[in-house]
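Coordinate analysis (summary)
Each chain is listed here by its residues.
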Amino acid sequence: MPISKNFSQRLYPDLRSIAEHFGTPFHIYDEQGIRDTGLQLQQAFAQVKGFREYYAVKALPNPSILRIMADLGFGFDCSSIAELQLAREVGARGEDIMFTSNNTSPEEFIAAQAQGGCIVNLDDIGLIDKMPQMPEQVCFRYNPGTARSGNSIIGVPEEAKYGLTHEQIFVAFEKAQARGAKRFGLHTMLASNERNADYMVQTTQMLLELVAEVGAALNIEFDFINIGGGLGIPYHPDEKVFDVEQLGRETHALLQTFAAEHGYQPKLYMESGRYITGPHGVLVTQALNRKEIYRTYIGVDACMSALMRPGMYNAYHHIDVLDKASGPDDEVVDVVGSLCENNDKFAIQRALPPIVDGDLLIIHDTGAHGHAMGFNYNGKLRPQELLLKADGSVERIRRAETLDDYFATLRFEPEAWSAS
Ligand SMILES: *Cc1c(COP(=O)(O)O)cnc(C)c1O
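Let me begin by describing the structure that accompanies this report. Since the model is a prediction, treat every value here as computed from it, not as a measurement. (Residues numbered from 1 in each chain as written. Predicted model: local features only at pLDDT ≥ 70, side-chain atom pairs only at ≥ 80, totals over all residues. Heavy atoms only, no water.)

Near the ligand, the surroundings consist of 14 residues, among which Lys58, Gly230, Glu271, Arg274 and His369 are the closest. Between the ligand and Glu271 there is a distance of 2.7 Å, counted from a nitrogen atom to a side-chain nitrogen or oxygen. Backbone polar atom of Gly273 to an oxygen atom of the ligand: 3.0 Å apart, as the coordinates give it. Across the shell around the ligand, the residue classes break down as two nonpolar, seven polar and five charged. (Near = heavy atom within 4 Å. Polar contact = N/O pair within 3.5 Å; in protein donor to acceptor, adjacent residues only side chain to side chain. Nonpolar A, V, L, I, M, F, W, Y, C, P; charged D, E, K, R; others polar.)

A separate point is a nonpolar patch on the surface. A contiguous nonpolar patch, built from Leu403, Tyr406, Phe407, Leu410 and Phe412 and spanning about 540 Å² of accessible area, is present on the exposed surface. Judged by its relative accessible area of 37%, Phe407 is partly exposed. (Patch = residues over 30% accessible without salt bridge, like charges linked within 9 Å, V, L, I, M, F, W, Y side chains within 5 Å. Areas by Shrake-Rupley, 256 points an atom, 1.4 Å probe, with all protein chains shown as cover. Salt bridge = Lys/Arg side-chain N within 4 Å of Asp/Glu carboxyl O. Buried < 20%, exposed > 50% of the residue type's maximum accessible area, 1.4 Å probe, protein only.)

Turn by turn, an α-helix covers 3.6 residues, leaving residues three or four places apart pointing in a common direction. Here helix H6 (residues 166-178) is 13 residues long and its end C-alpha atoms lie 19 Å apart, about the 18 Å a rise of 1.5 Å per residue gives. Among the residues of H6, Ile169, Ala172, Phe173 and Ala176 are the ones counted as buried. One side of H6 holds all its buried residues, which, seen down the axis, span an arc of 95 degrees. Exposed residues lying more than 90 degrees from the buried face of H6 are Glu167 and Ala178. On its buried side, H6 packs onto strand S6 (137-141), strand S7 (183-187) and helix H7 (197-218). (Helix = DSSP H or I, 4+ residues; strand = E, 2+ residues; numbered from the N terminus. Expected span 1.5 Å × (residues − 1). Arc of directions from axis to C-beta. Contact = heavy atoms within 4.5 Å.)

Further remarks concern the pattern of salt bridges. Tallying each qualifying case throughout the model produces 21 salt bridges. Residue Asp223 is joined to Arg183 by a salt bridge in which the shortest nitrogen-to-oxygen separation is 3.2 Å. Here the residue Asp223 occupies a position in the loop between H7 and strand S8 (224-226), and Arg183 occupies one in strand S7, the gap between them amounting to 40 residues. For Arg183, a relative accessible area of 25% puts it in the partly exposed group. With a closest N to O distance of 3.6 Å, Lys267 and Asp223 form a salt bridge. Of this pair, Lys267 sits in strand S9 (residues 267-270) while Asp223 is found in the loop between H7 and S8, placing the two residues 44 residues apart along the sequence. Members of the salt-bridge network, linked through shared partners, are Glu95, Glu136, Arg183, Asp223 and Lys267.

In short, shape yes, function no, at least from these values alone.
Given below as structure tokens:
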């Protein structure tokens, strides 16, 4: 969608000189916008006892951004050793971190349980015996299978590799309890980029029903439920924003009903990534070449290595051209990178103002799952990241990759094996 008016009003007037200063391409994030959205989320859940957002680190794993999250009082949802390290570097400890991994390795368990540990969220019943030690608090990820529908990014639950079945959930908590776990959480993550608050309300309802069932069967009270991330944002101008106030209001009501029936209320956790930072980042790239063949192609100096979503999910990302408004002169073009891969298109058959070499294109909504997803195929390097700070200054928060970075894995101690 068009990025927040506030962001564009503060960014666009200076964008040409920012681009000249730092060089293109770059992702630039809006500190004020991130803070405003974070506060709005907290407001929406102000009534909900023990509400906490665990920012999904994978969405934008940059320490400068994570420091903003820590400042907002958020925890961190991590799923790798690197992400644990990032969260701990900004001060997260113990229950500030939720480790939601998949197919977890012994090294990952050791890292998760080091430095004061964290909340471990187990993705499979078989992992109980693979954890070096049973923590005092344990959480399991639930996969409802055919009981719920999913959506296109994450797939339908029945076909998704995540979580435990309904039946396994009971066995798993019983087993964890027998191994000494004393505090319990229940997690799920069913949809991604879901803009319908009803779906997330139903997810809360589903978890509370299961908490009631498991609680009755094993005589336990749950410390928390975690309804996952997946709150959507409007990438396309025609799409609606997620009604976070509705979600806050309706989950509050569900939790109160639960409390009235069961005499206690689990805390409510959430682990959004996209909703918090997605709209507050843009990829700025310069037009390098205009090519007229069967279609018109606008070649830019960024490629898929900076933003995978269009190529990977056929995702729409809105594009502005700096200082050129859309109008009757718009032309239909494909905006493309330089990769030897025909998926390397930021926009396909998009109406944009006439673009000439040197124009700056602003690709919207890259504040989550943007830079982080990049790769090095074709020897392409990932761009720098900048932060537009609340005081209006701009800081580089990650440098661009260099050829030296690219070749770093080719410098190693020789090692060989042969059958002797
Ligand atoms: C990716 C992920 C999230 C964040 O998803 P968003 O769509 O960015 O909100 C949260 N939890 C888990 C387990 C994830 O894998």
